[in-house]
Amino acid sequence: PGLGGGGVLPLAFTIIGELFSLEQRARMQGLFSGVWGVSSVIGPLIGGFLVDRVSWQWVFYVNVIPGLLAIMLVWLSWKERPRAEKGRPAVDYPGTLLLTAGVLALLLGLGALESPLGWGLLAAAVGLFAWLVQVERRAVDPILPFALFRDRLFTVSILHGVLAGWAMFGSINFVPLFVQAVLGTSATEAGISLTPMSLAWTLASIVGSHLLLRIGYRTLALAGMALLSLGALLMMGIGTGTSVLAVMAYLALMGVGMGLSIPAFLIAVQSTVRREELGVATSTVQFSRSIGGTLGVSILGVFLSARLAGSLRAAGIDPAAVSLDSLLNSAVSVDAGLAGPVREALASSIGGLFGIAFLVALAG
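Please read all numbers here as calculations on a predicted model, not as lab measurements. (Residues numbered from 1 in each chain as written. Predicted model: local features only at pLDDT ≥ 70, side-chain atom pairs only at ≥ 80, totals over all residues. Heavy atoms only, no water.)

Draft legend 1. A look at the environment of Val-103. Residue placement: Val-103 occurs in helix α5 (residues 93-110). Classification of Val-103 by relative accessible area gives buried; the value is 14%. For the pair Val-103 and Leu-128, spaced 25 residues apart in sequence, the C-alpha to C-alpha distance is 8.9 Å. (Helix = DSSP H or I, 4+ residues; strand = E, 2+ residues; numbered from the N terminus. Buried < 20%, exposed > 50% of the residue type's maximum accessible area, 1.4 Å probe, protein only.)

Structure follows, in structure tokens:
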């Protein structure tokens, strides 16, 4: 799924950048955001229902039918213009392999910081990235175009993508855990808790795309990041007494922030790079958000584990004796003397996790 999504999503946005003018591009971005938003709402709802009513394996099986329909749609409807023959393109296989290996080593290392293996993987990641720089400088058509980083707008967009992706995607992955394990809801309700964020992101992206040419890229991006930071700040205060509605409201603020800032950067980059650089620039901006989210999940996951273990020890509970599955599964009985302190420790740990997300969003 990662390989397929990584190929399809940047291609779709690249086609928009190639076919439409700046004014049309802003409107099309809003349309794409609407499709994304509907899918983001339906997905968690179906996933939560399947986990509750069928089995967790079906969250993967259910993607087969939409995938086949998408293949048929592209096959029947997509008609390309004939292009002048320019010879076989140069594919940067060495750069692709080094980038993939470097990212994998980095993520695996971040997930095992407590062991020598983790530090060894981080050292390997540094070496692989250094090697990647040398290879990309000599590549005919590099997968990671370092020449584009001389453009300040492009560089800032990539840094924003990493930081915003970290703050948003890295943190919201732990919201269903909080809603289900701390607040005691079902998996379906945990999925519903993300719905306002998706809707807010969609509406903000549609509105922001129309305001883009009136108020400017910079104003829109700053407003978006301010709201993302505010939402993360409010999420720092969540606890066992927080309502699901409050969580939804805070996440909606974060969604509005992403909906305003993401289109501003993407359209700005597409409007400044040369046409032959449109594809690689678009995919690199998309990749920056993905890698930011992946790094965020890894680093925040390590923080959550360490903070939770420390909080449990402070409460006189052996972390090895605690199973979060017992809090997630209503069919499993939980020791009444342990359930309260464990939920308190988990709530405090997830709140601290959003403190990191707030600082990262502020940096963005």
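Draft legend 2. Up close: the nonpolar core. Ranked by size, the top nonpolar core spans 42 residues in total, and within it Val-175, Leu-228 and Leu-251 carry the most contacts. Put simply, the parts of the chain that give this core at least two residues each are α7 (152-172), α8 (175-182), α10 (195-215), α11 (217-235), α12 (244-272), α13 (278-314) and α15 (336-363). Per-element tally for this core: the top contributor is α15, with 11 residues. Those residues in contact with Val-175 that sit more than four places away from it in its chain are Ser-193, Leu-194, Met-235, Val-247, Leu-251 and Phe-354. Formed by 14 residues, the second largest nonpolar core is a distinct cluster that contains Leu-99, Val-103, Leu-132 and Val-135. (Core = buried A, V, L, I, M, F, W, Y, C linked by side-chain atoms within 4.5 Å. Contact = heavy atoms within 4.5 Å.)

Draft legend 3. Here's a closer look at the side chain of His-160. Along the chain, His-160 turns up in helix α7. Its relative accessible area of 3% is what places His-160 among the buried residues.

Draft legend 4. Structural view of the side chain of Ser-298. Examined against the element boundaries, Ser-298 turns out to sit in helix α13. Assessed through its relative accessible area of 18%, Ser-298 is described here as buried. Not counting chain neighbours up to four residues away, the residues in contact with Ser-298 comprise Leu-107 and Leu-110.

Draft legend 5. Molecular detail of the packing of α5 against helix α6 (residues 116-138). Relative orientation of the contacting elements α5 and α6 amounts to 160°, with a least axis distance of 8 Å. In terms of orientation, α5 lies roughly antiparallel with respect to α6. In this structure, the crossing between α5 and α6 has a hand that is left-handed. The segment α5 lies against α6, with Pro-94, Gly-95, Leu-98, Leu-99, Ala-101, Gly-102, Val-103, Ala-105, Leu-106, Leu-108, Gly-109 and Leu-110 engaging Gly-118, Leu-121, Leu-122, Ala-125, Leu-128, Phe-129, Trp-131, Leu-132, Val-135 and Glu-136. Its residues assigned to classes, the contact of α5 with α6 comprises 17 nonpolar, 4 polar and 1 charged. (Axes fitted to C-alpha atoms, helices over the stretch in contact; angles between N-to-C directions. Parallel < 35°, antiparallel > 145°, perpendicular 65-115°, else oblique. Left-handed = near helix turned anticlockwise from the far one by under 90°. Nonpolar A, V, L, I, M, F, W, Y, C, P; charged D, E, K, R; others polar.)

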